[in-house]
Amino acid sequence: TRYFVDHRKVRVVGGQGGGGGHSFYSEPRKIFGGPDGGNGGDGGHVILKADRQMKSLSSVLPFYQGFHGEKGGSKNCYGANGAYVYVKVPVGTLVKEDGKVVADLTQHGEEYVAAYGGAGGKGNRFFLSNENRAPTLFTPGEPGQERVLHLELKTTAHAGLVGFPNAGKSSLLRAISRAKPAVAAYPFTTLNPHVGIVHYQDYEQVAVADIPGLIKGAHQNRGLGIAFLRHIERCRFLLYVVDLSVSQPWIQLQDLKYELEQYKKGLSERPCVVIGNKIDLAQSRINLPLLKEQIDDRVIALSALTGDNLEELLLHLRELYDTYVKTEQSRGQSPVKW
């Protein structure tokens, strides 16, 4: 089983530089040919590289070391540099050292040098001078940089499904995409974020993340808590999923917005739409007009189970996506594509 991992502690060590060469040129009739020890090669770096094919940190190992540089040889031959070690991480990986953010890999192909390789040593040829015509001095290669890094994944999706347990988020994601999150009639069925891709006829793809259910006090780390609140941070717009069959469904929405705002200021003010789920139930039809009276946001009533009114959601989702793309392009930035 491949488990979803969004935290990883990694020790990285750069490759050691190769030692300098120590030799003297010698051939018949050239007894004092002089020093010809070449320099050692540099050690290889350890580089983190964001890759959109990676969806979890589960394949990241706890230790990486760059390749060592080769030793300098005779006849002024330099040692080869050590090869770089590339570590693939998902897009949206945050790199921390001692609690401070040192890198944020948000674009496919973006790289960060986690540990530099050591410099190669100098051969005795390097120390040749008019004062010292036969130097015997040569230096060893320097050790590579050593660091302990904490990798933290924040799912990068266009839209985030936010709601309390059993509001029907996973069922909705199954209905609009090919993702297959677990669905069952008990709270906390979803324990890991799932990302589903909604395909449109013009080949645009909108990524929708199913965030595990929040509860009151999630910002204080209750329930699944902060572990998954951070996945909402990267979402460009939010889809609040409300269970219409419960009494006073607008209180759910107020509680959800409060939790997001307590976790990070301004998070609840992102572009959003309220999805009233379970419209196929009789009580839901009674609660729908009451919900629309209480809130100013747009409400889309649908049923993830029967597929009623899914088309309206897909059209509005595309409107939100197009607005996001235009906004990013007007700022001179490239929007996130899947």
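Labelled according to an unreviewed UniProt entry, the protein appears under the name Mitochondrial ribosome-associated GTPase 2, originating from Himantopus himantopus. Regarding the protein, the UniProt comment filed under Subunit (unreviewed entry) reads as follows: "Associates with the mitochondrial ribosome large subunit; the association occurs in a GTP-dependent manner."

Let us now look at the overall build of the protein. Scanning the protein from N- to C-terminus turns up five helices and 14 strands. Within the protein, the proportion of its 338 residues that are buried is 48%. Within the protein, contacts between residues separated by at least 24 positions form 72% of all contacts whose residues are at least 6 apart in sequence. Approximately 17400 Å² of the protein is accessible, and the part contributed by carbon and sulfur atoms is 51%.

Another aspect to go through is unusual backbone geometry. It is generally the case that most residues other than glycine have a negative phi and that most peptide bonds are trans. Positive phi, close to 55 degrees, is recorded for aspartate 98, a residue that is not glycine. Examined against the element boundaries, aspartate 98 turns out to sit in the loop between strand E5 (93-97) and strand E6 (100-105). Of note, tyrosine 203 is a non-glycine position whose phi angle comes to about 70 degrees, a positive value. By the element assignment, tyrosine 203 lies in the loop between strand E10 (194-199) and strand E11 (205-210).

The next subject is helix H5 (residues 310-330). Here H5 contains 21 residues, and its C-alpha end-to-end distance of 31 Å stays within 8% of the 30 Å for a straight helix at 1.5 Å per residue. Taken residue by residue, H5 has Leu310, Leu313, His316, Leu317, Arg318, Leu320, Tyr321, Tyr324, Val325 and Glu328 as its buried positions.

Moving on to the side chain of glutamine 252. The residue glutamine 252 is located in helix H3 (residues 249-263) in this model. By relative accessible area, glutamine 252 is classed as buried at 12%. The contact partners of glutamine 252, leaving out residues within four places of it in the chain, are Phe164, Val242, Asp243 and Val246.

For residues with low pLDDT, the predicted coordinates do not support detailed interpretation. Looking at the protein as a whole, the pLDDT averages 81, with 88% of positions reaching at least 70. Of all secondary-structure elements in the protein, the lowest mean pLDDT belongs to helix H2 (residues 226-232), at 67, while strand E3 (residues 63-65) reaches the highest, 93.

Here the focus is the environment of leucine 310. With respect to the helices and strands, leucine 310 occurs in helix H5. Sequence separation of leucine 310 and leucine 172 is 138 residues, and the distance between their C-alpha atoms is 8.9 Å. Contacts of leucine 310, omitting those with residues within four sequence positions, involve Leu172, Ala175, Ile176 and Leu302.

Here five strands make up an open sheet; going across it, the order is E3-E1-E8-E5-E6 and the pairing mixed. Across the chains shown, the open sheet's two edge strands, defined by having one partner strand only, are E3 and E6. On average, adjacent strands in this sheet sit at an angle of 30 degrees to one another, irrespective of strand direction.

In total, this model carries two aromatic pairs according to the counting rule given. Plain terms: the ring middles of phenylalanine 126 and phenylalanine 127 are 5.2 Å apart, the flat faces sit at 85 degrees to each other, and that makes the pair edge-to-face. Both rings, one in tyrosine 321 and one in tyrosine 324, keep their centres 6.4 Å apart while their planes meet at 50 degrees; by these two values the pair is tilted. Of this pair, tyrosine 321 and tyrosine 324 both sit in helix H5, three residues apart, which is roughly one turn of the helix.

Within the element layout of this structure, glutamate 312 appears in helix H5. In this structure glutamate 312 comes out as partly exposed when scored by relative accessible area, which is 27%. Residues within four places of glutamate 312 in sequence aside, it is in contact with Arg298 and Ile300. Polar side-chain contacts of glutamate 312 include one of 3.1 Å to the side chain of arginine 298.

Rules behind the numbers
Residues numbered from 1 in each chain as written. Predicted model: local features only at pLDDT ≥ 70, side-chain atom pairs only at ≥ 80, totals over all residues. Heavy atoms only, no water. UniProt positions renumbered as here; feature names shortened; annotations may be inferred. Helix = DSSP H or I, 4+ residues; strand = E, 2+ residues; numbered from the N terminus. Buried < 20%, exposed > 50% of the residue type's maximum accessible area, 1.4 Å probe, protein only. Contact = heavy atoms within 4.5 Å. Areas by Shrake-Rupley, 256 points an atom, 1.4 Å probe, with all protein chains shown as cover. Expected span 1.5 Å × (residues − 1). pLDDT = per-residue confidence, 0-100. Pairing = 2+ DSSP bridges. Axes fitted to C-alpha atoms, helices over the stretch in contact; angles between N-to-C directions. Phe/Tyr/Trp six-rings, centres within 6.5 Å; stacked < 30°, edge-to-face > 60°. Polar contact = N/O pair within 3.5 Å; in protein donor to acceptor, adjacent residues only side chain to side chain.

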